[in-house]
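Survey of secondary and tertiary structure
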Amino acid sequence: MESFWILGSIAFALMLGAMSPGPTSIYVAKNSIAISRKHGLFTALGTGAGAAIFGLLAVLGLQAFLLAVPSAYIILKICGGLYLLWLAFKIIKHAKEPIDHYPTTETQMSLRRAFMTGLITQLSNPKIAIVLASIFTALLPKVIPTYYYFFLPLLCFFIDAGWCSLVAVALSAEKPRRVYLKFKAGFDRAAGTVMTVLGLKLIFGMK
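Each value, and the rule that gives it
- Residues numbered from 1 in each chain as written.
- Predicted model: local features only at pLDDT ≥ 70, side-chain atom pairs only at ≥ 80, totals over all residues.
- Heavy atoms only, no water.
- Helix = DSSP H or I, 4+ residues; strand = E, 2+ residues; numbered from the N terminus.
- Buried < 20%, exposed > 50% of the residue type's maximum accessible area, 1.4 Å probe, protein only.
- Contact = heavy atoms within 4.5 Å.
- Areas by Shrake-Rupley, 256 points an atom, 1.4 Å probe, with all protein chains shown as cover.
- Axes fitted to C-alpha atoms, helices over the stretch in contact; angles between N-to-C directions.
- Parallel < 35°, antiparallel > 145°, perpendicular 65-115°, else oblique.
- Left-handed = near helix turned anticlockwise from the far one by under 90°.
- Nonpolar A, V, L, I, M, F, W, Y, C, P; charged D, E, K, R; others polar.
- Phe/Tyr/Trp six-rings, centres within 6.5 Å; stacked < 30°, edge-to-face > 60°.
- Patch = residues over 30% accessible without salt bridge, like charges linked within 9 Å, V, L, I, M, F, W, Y side chains within 5 Å.
- Salt bridge = Lys/Arg side-chain N within 4 Å of Asp/Glu carboxyl O.
- Expected span 1.5 Å × (residues − 1).

**Some thoughts on the overall build of the protein**
- The number of helices and strands found in the protein is 10 helices and 0 strands.
- Each helix and strand of the protein, ordered N terminal to C terminal, gives the series α-α-α-α-α-α-α-α-α-α.
- The 207 residues of the protein split such that 45% are buried.
- Nonlocal contacts in the protein, meaning residues at least 24 apart in sequence, comprise 86% of its contacts between residues at least 6 apart.
- Roughly 11,000 Å² of accessible area belongs to the protein as shown, and the carbon and sulfur atoms make up 74% of that amount.

Laid out in structure tokens, this is it:
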């Protein structure tokens, strides 16, 4: 019964984290609307895989390592922030181009690439590992059962991928897609701006 409440509390915290807007949800939304529902779903699977990796690292003690070696954390944040800025540049650069001229149309973006984009976008933010480690530290018992090392990464995957998949399905419907096509330039500039802010915040927010 105690394990049930512990895992339930962790799942609730992970759900709140997954539902908060961030670079992964932006990119899932963009691929879903601009390309196809399938591409959005594969992007969501990639973000879920990234969350699982961070979950495994968190339960193994990544937080202790990053706190012990601050330079490693700073380097990871700078690299991740630069990646987000690069994504933002690509989105804004092609904002005015119609879908059939956009370089990541369905014929040019494979499902594998959609998955890898989601994975790398998720892994570009090392703060997620710190957040997961904080949640686990606060809620896990002092003696962690062995099966938690397998179960918690899977929990991270299903919650993150599940939420992003809901976003993909909802936004790839015909009506949202028509609205996006009508106001593509404005939506892309807004998405690129948000991605830029997140990238800069990741680089310069050293806490």
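**Focus on the packing of helix 2 (residues 23–34) against helix 10 (residues 184–204)**
- Relative to each other, helix 2 and helix 10 sit at 155°, their axes nearing to 10 Å. The orientation of helix 2 relative to helix 10 falls into the category roughly antiparallel. In this structure, helix 2 meets helix 10 at a crossing whose hand is left-handed. Two secondary-structure elements touch here, helix 2 through Pro-23, Ile-26, Tyr-27 and Lys-30 and helix 10 through Asp-188, Ala-191, Val-194, Met-195 and Leu-198.
- Residues of the contact of helix 2 with helix 10, tallied by class, amount to 7 nonpolar, no polar and 2 charged.

**Things to note about the packing of aromatic side chains**
- Under the definition given, this model contains 2 aromatic pairs.
- Relative to Phe-158, the ring of Phe-157 has its centre 5.2 Å away and its plane inclined at 80°; by these criteria the two rings are edge-to-face.

**Some words on a nonpolar patch on the surface**
- Taken together, Ile-53, Leu-57 and Leu-123 make up a surface patch of nonpolar side chains, about 210 Å² in accessible area.
- One can find Leu-123 in helix 6 (residues 111–123).
- What makes Leu-123 partly exposed here is its relative accessible area of 33%.

**Describing the packing of helix 2 against helix 9 (residues 174–182)**
- Contact geometry for helix 2 and helix 9: axes closest at 9 Å, N-to-C directions at 95°. With respect to their mutual orientation, helix 2 and helix 9 come out roughly perpendicular. Counted together, Lys-30, Ser-32, Ile-33 and Ala-34 of helix 2 and Pro-176, Arg-177 and Tyr-180 of helix 9 form the full contact between these two elements.

**Some points on the environment of Met-195**
- Mapped onto the elements of the fold, Met-195 is located in helix 10.
- Assessed through its relative accessible area of 0%, Met-195 is described here as buried.
- A sequence separation of 171 residues divides Met-195 from Thr-24, and the C-alpha atoms of the two residues are 9.7 Å apart.
- Beyond its immediate sequence surroundings of up to four residues, Met-195 is in contact with Pro-23, Ile-26, Tyr-27, Leu-84, Leu-87, Ala-88 and Ile-91.

**Let's talk about helix 2**
- The end-to-end C-alpha separation of helix 2 is 16 Å, in line with the 16 Å expected for 12 residues at 1.5 Å each.
- Burial analysis of helix 2 places 12 of its 12 residues in the buried class, which makes it a mostly covered element.
- Every buried residue of helix 2 is accounted for by Pro-23, Thr-24, Ser-25, Ile-26, Tyr-27, Val-28, Ala-29, Lys-30, Asn-31, Ser-32, Ile-33 and Ala-34.
- Of the surrounding elements, those touching the buried residues of helix 2 are helix 3 (37–60), helix 5 (70–93), helix 6, helix 8 (148–171), helix 9 and helix 10.

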